[in-house]
Amino acid sequence: AQSVSQHNHHVILSEAASLELGCNYSYGGTVNLFWYVQYPGQHLQLLLKYFSGDPLVKGIKGFEAEFIKSKFSFNLRKPSVQWSDTAEYFCAIYGNNRLAFGKGNQVVVIP
Amino acid sequence: DAGITQSPRHKVTETGTPVTLRCHQTENHRYMYWYRQDPGHGLRLIHYSYGVKDTDKGEVSDGYSVSRSKTEDFLLTLESATSSQTSVYFCAISERTVDGYTFGSGTRLTVV
């Protein structure tokens, strides 16, 4: 079965700092990967997705992610975070008719 | 998001009682999913549906059942609620699974 693992579950950083969240996947089939964001008290929203083509994917709100097949990774990045980026971030992989989610990264941005 | 509604938004129930949560969509999407979200566990799939009357189990299906008699409605039933089922439940829909999901606003369920 497919799975993803996320590290550094709690991240605290200051505004304007750069953010990178790691995601490693395990799956023997065609790889379709996603990052979702959940702002406090809200539901999950899609940030970006990868299913083929350019391994560098641009998403909403200045986020990007790079698919590196040799490392089984799909890390999320943002060059300069804002206080409004405080949220929980989930990596997910599609396979067997469903998305499997990682345990999430809680990110707190200090003004 | 517009197009997917969960009800109720909050519920407190007693141990041993049956509880039904409803997910309603107006997007005519084929796939519907129920997840539960718990701190430290992320989202875990309970059940999903790939069409009317077509459902399958997810990774944490014990104690839960589902029904989908119409394209637009996907019901999740806790047959006899336990405290371990206290959680936030999210419904999601998708037409093409590779496009990802659209999530509902969630139902916060507390079993006392």
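Structure: see above.
So, here's what we can say about the structure. Since we're looking at a predicted model, the values are computed, not measured.

Estimated volume of the largest pocket: approximately 410 Å³. Taken together, 22 residues make up the lining of the largest pocket; nearest its centre are Q38(A), Q37(B), V88(B), F90(B) and R108(B). Contributing elements (two or more residues each) for the lining of the largest pocket: β10 (87-95) of chain A together with β4 (31-38), β9 (87-94) and β11 (107-111) of chain B. The element best represented in the lining of the largest pocket is β9(B), accounting for 3 residues. The class makeup of the residues in the lining of the largest pocket is 6 nonpolar, 11 polar and 5 charged. By volume, the second largest pocket is sized at about 280 Å³. Lining the second largest pocket are 17 residues, with Q2(A), S3(A), A100(A), F101(A) and E59(B) positioned closest to its centre. Counting residues per element, the ones that place at least two in the lining of the second largest pocket are β1 (3-6) and β11 (98-101) of chain A together with β5 (42-51) of chain B. Tallying contributions element by element places β11(A) first for the lining of the second largest pocket, with 4 residues. Of the residues in the lining of the second largest pocket, the class split is 7 nonpolar, 6 polar and 4 charged.

So, on to the interface of chain B and chain A. Contact residues are listed per partner, giving 20 residues for chain B and 20 residues for chain A. Counting each side, the surface lost to burial between chain B and chain A is near 1,700 Å², with a carbon and sulfur contribution of 54%. Of all residues in chain B, L43(B), V98(B) and F103(B) bury the most surface against chain A, accounting for 28% of the area lost on that side. Our count for the chain B to chain A interface comes out at 0 salt bridges. Our count for the chain B to chain A interface comes out at 5 residue pairs in polar contact (both at pLDDT 80 or more). The set of elements that each furnish at least two residues to the side of chain B that touches chain A consists of β4 and β5 of chain B.

Let's shift gears to the environment of V81(A). All names here are of chain A. Tracing the sequence through the fold places V81 in the loop between β9 (73-78) and β10. Judged by relative accessible area, which is 2%, V81 ranks as buried. Sequence spacing of V81 and G95 is 14 residues, and the spatial spacing of their C-alpha atoms is 31 Å. Those residues in contact with V81, other than ones at most four positions away along the chain, are L13, S14, E15, A16, A17, L19 and V109.

Residues and elements named next belong to chain A. Among the structural elements, Q2 can be located in the segment before β1. The class of Q2 is buried, set by a relative accessible area of 8%. Engagement of the side chain of Q2 in a polar contact is seen with the backbone oxygen of G95, the distance being 2.6 Å. Of note is the side chain of Q2, whose polar atom sits 3.0 Å from the side chain of N96.

Each value, and the rule that gives it
Residues numbered from 1 in each chain as written. Chains lettered and ligands numbered in written order. Predicted model: local features only at pLDDT ≥ 70, side-chain atom pairs only at ≥ 80, totals over all residues. Heavy atoms only, no water. 1 Å grid on protein atoms, 1.4 Å probe; cavity = no way out; pocket = protein on both sides within 12 Å on 5 of 7 lines; lining within 4 Å. Points joined across faces, edges and corners; volume = space filled by probe spheres on them. Helix = DSSP H or I, 4+ residues; strand = E, 2+ residues; numbered from the N terminus. Nonpolar A, V, L, I, M, F, W, Y, C, P; charged D, E, K, R; others polar. Contact = heavy atoms within 4.5 Å. Buried area = accessible area lost by both parts, 1.4 Å probe. Salt bridge = Lys/Arg side-chain N within 4 Å of Asp/Glu carboxyl O. Polar contact = N/O pair within 3.5 Å; in protein donor to acceptor, adjacent residues only side chain to side chain. Buried < 20%, exposed > 50% of the residue type's maximum accessible area, 1.4 Å probe, protein only.

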